[in-house]
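Take a look at the letters that make up each chain.
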Amino acid sequence: MMLSGPSVAAKSGDTRQLVILCHGYGSDGNDLISLAPYWQQIMPDAAFIAPNAPAPCDGNPMGYQWFPITRLDPSEIARGVESAAPQLDRFIDEQLRLRGLDGSQLALVGFSQGTMMALHVGLRRAVSPACIVGYSGALAMPERLKDEMRGSPPVLMIHGDADDMLPVSRMHSAVQALGEAGLAVRWHVSPGLGHGIDQTGLELGGRFIADAFAGRLGASMAAG
């Protein structure tokens, strides 16, 4: 089954980049496609699409899940991410092909469980995306990253320090593992923010993607 979800065409009418947004557990593509109107202002040549995850959500029948999750158990997350990865990978390939774009003209954005998916798939693609942005997320299988990653796109991780779904310590652990694997990683903690995206995170994410598409983010990018 091919994934599908809401999309927004490039504002300029000339699609030169693609932003794929991976939603969190129990949500759907409509949640993250709402970021597109903000980011279009600084990325007029980017198209946006937010696929619904492949399965109805166990915990919320109105939403979708990339994989079932009963607790934040690393082995359960590892199994889930690996089972869902091929479908997301195929979806990315298809969406790039439809628009005549190269994998380097792609940005992957995730929220929560979608961040786990974006990092896992994006770091293992034959052609690296321009960048990966992860909100309120975590890194699955950090111990395997160095051996399995096929590229080194710049990564931005953003998290609220009042997140009670995925504690901010998960972001710090991800940042450390990504850095140890040789990736250029930036991060931002939003004070007082729970499991969500605030205005600062919205602006930082948009600017990061726009800079990546414009070639302004080098591999030597400073962390912090």
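This is a predicted model, so every value here is computed, not measured.

Engineer: In this structure, what is going on with the nonpolar core? I would like to understand it.
Structural biologist: Across soluble globular proteins, nonpolar side chains have a tendency to be buried as a group. Ranked by internal contacts, the top residues of the largest apolar core, which has 44 residues, are Ile20, Trp66, Met157 and Leu178. Elements that contribute at least two residues to this core include exactly strand S2 (17-22), strand S3 (46-49), helix H3 (74-99), strand S6 (106-111), helix H4 (113-122), strand S8 (155-160) and helix H6 (168-180). Look past the residues within four positions of leucine 178 in its chain and what remains in contact with it is Leu119, Leu123, Leu139, Leu145, Val155, Met157, Leu183 and Val185. Core analysis: the second largest hydrophobic core is formed by 27 residues, Leu32, Ala50, Ala130 and Leu156 among them.

Engineer: I tried to follow unusual backbone geometry on my own but got confused; where do I start?
Structural biologist: Comment: phi is negative for the bulk of residues other than glycine, and the bulk of peptide bonds are trans. The phi dihedral of serine 136 falls on the positive side, at around 45°, and the residue is not glycine. Here serine 136 shows up in the loop between strand S7 (131-135) and helix H5 (142-148). Judged by its relative accessible area of 0%, serine 136 is buried. Unusually for a residue other than glycine, methionine 141 sits at a positive phi of about 50°. Take methionine 141: it is sitting in the loop between S7 and H5.

Engineer: Teacher, can you tell me more about the pairing of S2 here?
Structural biologist: In summary, the side chains of a regular strand alternate between the two faces of the sheet. Taking burial as the measure, the six residues of S2 include six buried ones, the bulk of the element. Burial along S2 is two-sided: Gln17, Val19 and Leu21 facing one way and Leu18, Ile20 and Cys22 facing the other are all buried. Taken together, the four bridges between S2 and S3 define a ladder with parallel strand orientation. Its bridge partner lying in S3, isoleucine 20 is registered against isoleucine 49. One ladder, built from five bridges, connects S2 with S6; its direction is parallel. Paired with leucine 18 across the two strands is leucine 106, which belongs to S6.

Engineer: Help me understand H6 in this model?
Structural biologist: At 3.6 residues per turn, the α-helix brings residues three or four places apart onto the same side. Taking 1.5 Å of rise per residue, the 13 residues of H6 would be expected to cover 18 Å, and the 19 Å separating its terminal C-alpha atoms lies within 8% of that figure. Against H4, H5, S8 and strand S9 (185-190) lie the buried residues of H6. Within two residues after H6, glycine 182 carries a phi angle of roughly 95°, on the positive side.

Engineer: I tried to follow the pairing of S9 on my own but got confused; where do I start?
Structural biologist: Across six bridges, S8 lies against S9 in parallel orientation. Bridge pairing in S9 links histidine 159 to valine 189. Taking the sense of rotation as the criterion, the β-α-β connection linking S8, H6 and S9 turns out right-handed.

Engineer: Explain the pattern of salt bridges here, please?
Structural biologist: Where side chains of opposite charge bring their charged atoms close, a pairing between them can arise. Applying the stated rule across the entire model yields nine salt bridges. The salt bridge partner of aspartate 73 is arginine 71, with a shortest N-O separation of 3.9 Å. Across the salt bridge formed by arginine 124 and glutamate 148, the nearest N and O atoms sit 2.9 Å from each other. One end of the pair, arginine 124, is in the loop between H4 and S7; the other, glutamate 148, is in helix H5, with 24 residues separating them in the sequence. Among the residues examined, arginine 124 registers a relative accessible area of 14% and is labelled buried. The class for glutamate 148 is partly exposed, based on a relative accessible area of 27%. Via salt bridges that share partners, Glu82, Arg124, Arg144 and Glu148 belong to a single interconnected network.

Engineer: Please explain the state of the cysteines as it appears in this structure.
Structural biologist: This model, assessed by the stated rule, comprises zero disulfides. Considering cysteine sulfurs only, cysteine 131 is the nearest to cysteine 22, which forms no disulfide, with 13 Å between them.

The rules behind these values
Numbering of residues starts from 1 in every chain and runs along the sequence as written. Residues qualify for local features only when their pLDDT is at least 70, as the model is predicted, and side-chain atom pairs are given and counted only at 80 or more; totals for whole chains, interfaces and linings, by contrast, use all residues. Only hydrogens and water are set aside when side-chain values are computed; all heavy atoms of the structure are taken into account. Buried Ala, Val, Leu, Ile, Met, Phe, Trp, Tyr and Cys residues form a nonpolar core when they are joined through side-chain atoms within 4.5 Å. Throughout, exposure labels follow a simple rule: accessible area from a 1.4 Å probe, protein chains only, divided by the maximum for the residue type, with under 20% read as buried, over 50% as exposed, and the rest as partly exposed. Numbered from the N terminus, helices here are DSSP runs of H or I no shorter than four residues, and strands are runs of E no shorter than two. Throughout, a residue-residue contact means that at least one pair of heavy atoms, one from each residue, lies within 4.5 Å. For two strands to be treated as a pair, DSSP must find at least two bridges joining them. By this rule the span expected of a helix is its residue count minus one, scaled by 1.5 Å. Here is how to tell: hold the view so the strands point away, follow the path from the first strand over the helix to the second, and if it runs clockwise the crossover is right-handed. When a carboxyl oxygen of Asp or Glu is within 4 Å of a side-chain nitrogen of Lys or Arg, the pair counts as a salt bridge. Two cysteine sulfur atoms form a disulfide, by the criterion used here, when they sit within 2.5 Å.

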